[in-house]
Amino acid sequence: MAESFSTNHRFFDNKHYPRGFSRHGDFTIKEAQVLERFGYAFNELDLGTREPQTEEEQLFVAVCRGERQPATEAEKIWSKYIARIRRPKRFHTLSGGKPQMDTVEEYTDSDD
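Each value, and the rule that gives it
- Residues numbered from 1 in each chain as written.
- Predicted model: local features only at pLDDT ≥ 70, side-chain atom pairs only at ≥ 80, totals over all residues.
- Heavy atoms only, no water.
- UniProt positions renumbered as here; feature names shortened; annotations may be inferred.
- Helix = DSSP H or I, 4+ residues; strand = E, 2+ residues; numbered from the N terminus.
- Expected span 1.5 Å × (residues − 1).
- Bend = angle between axes of the 7 residues up to and from the residue.
- Buried < 20%, exposed > 50% of the residue type's maximum accessible area, 1.4 Å probe, protein only.
- Contact = heavy atoms within 4.5 Å.
- Axes fitted to C-alpha atoms, helices over the stretch in contact; angles between N-to-C directions.
- Parallel < 35°, antiparallel > 145°, perpendicular 65-115°, else oblique.
- Nonpolar A, V, L, I, M, F, W, Y, C, P; charged D, E, K, R; others polar.
- Polar contact = N/O pair within 3.5 Å; in protein donor to acceptor, adjacent residues only side chain to side chain.

As recorded in an unreviewed UniProt entry, the protein chain goes by the name Macrodomain Ori protein, listed as coming from Obesumbacterium proteus ATCC 12841. Entered under Sequence similarities (unreviewed entry) in the UniProt record, the comment concerning the protein chain runs "Belongs to the MaoP family."

Written out as structure tokens, the structure is:
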């Protein structure tokens, strides 16, 4: 991975991880370090704004497109990150019950 995913930028996601990847608890320290160090390149490759330069990057792009399962450490970490930010937020109530849904009831006029 030394020649692949080279970038001079650190990757931060202030929207989903405002305190950093390692402080949130979703990632191990090693995973957080990989995201911070290579995440900018991962993101560019995933979005298609950067062309793959090596075979490893080409395989990474194939994983991002869903053409193959993640096999390398980088592919697994990025897939985990994408899955975390795309999953819906869990909703918790204080009562432990299910949240109430707003429903529209149809009323019929019985005077007809």
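Once the structure has been displayed, the description carries forward.
Visitor: How would you sum up helix α2 (residues 29-47)? Please name residues and give values.
Guide: An ideal rise of 1.5 Å per residue puts 27 Å on 19 residues; α2 measures up with 25 Å between its terminal C-alpha atoms. At F38, α2 shows its largest kink, close to 65°. Buried within α2 are the following residues: E31, A32, V34, L35, F38, G39, A41, F42 and L45. Those residues of α2 that are buried are in contact with α1 (21-24), α3 (55-64) and α4 (73-86).

Visitor: Got a sec to walk through the packing of α2 against α4? Specific residues and values, please.
Guide: Axis separation between α2 and α4 bottoms out at 9 Å; the angle between their running directions is 85°. One element, α2, and the other, α4, form an angle in the roughly perpendicular class. In this structure, α2 contributes K30, E31, V34, L35, G39, F42, N43 and D46 to the contact, and α4 contributes E73, A74, I77, W78, K80, Y81 and I82. Among the residues forming the contact of α2 with α4, the class breakdown is eight nonpolar, two polar and five charged.

Visitor: I'd like to hear about the environment of E31, residue by residue, with values.
Guide: Residue placement: E31 occurs in helix α2. Taking C-alpha positions, E31 is 9.1 Å from W78, a pair spaced 47 residues apart along the chain. Once residues within four sequence positions are removed from consideration, E31 is found in contact with D26, I77 and K80. For E31, the side chain forms a polar contact with the main-chain nitrogen of T28, separated by 3.0 Å.

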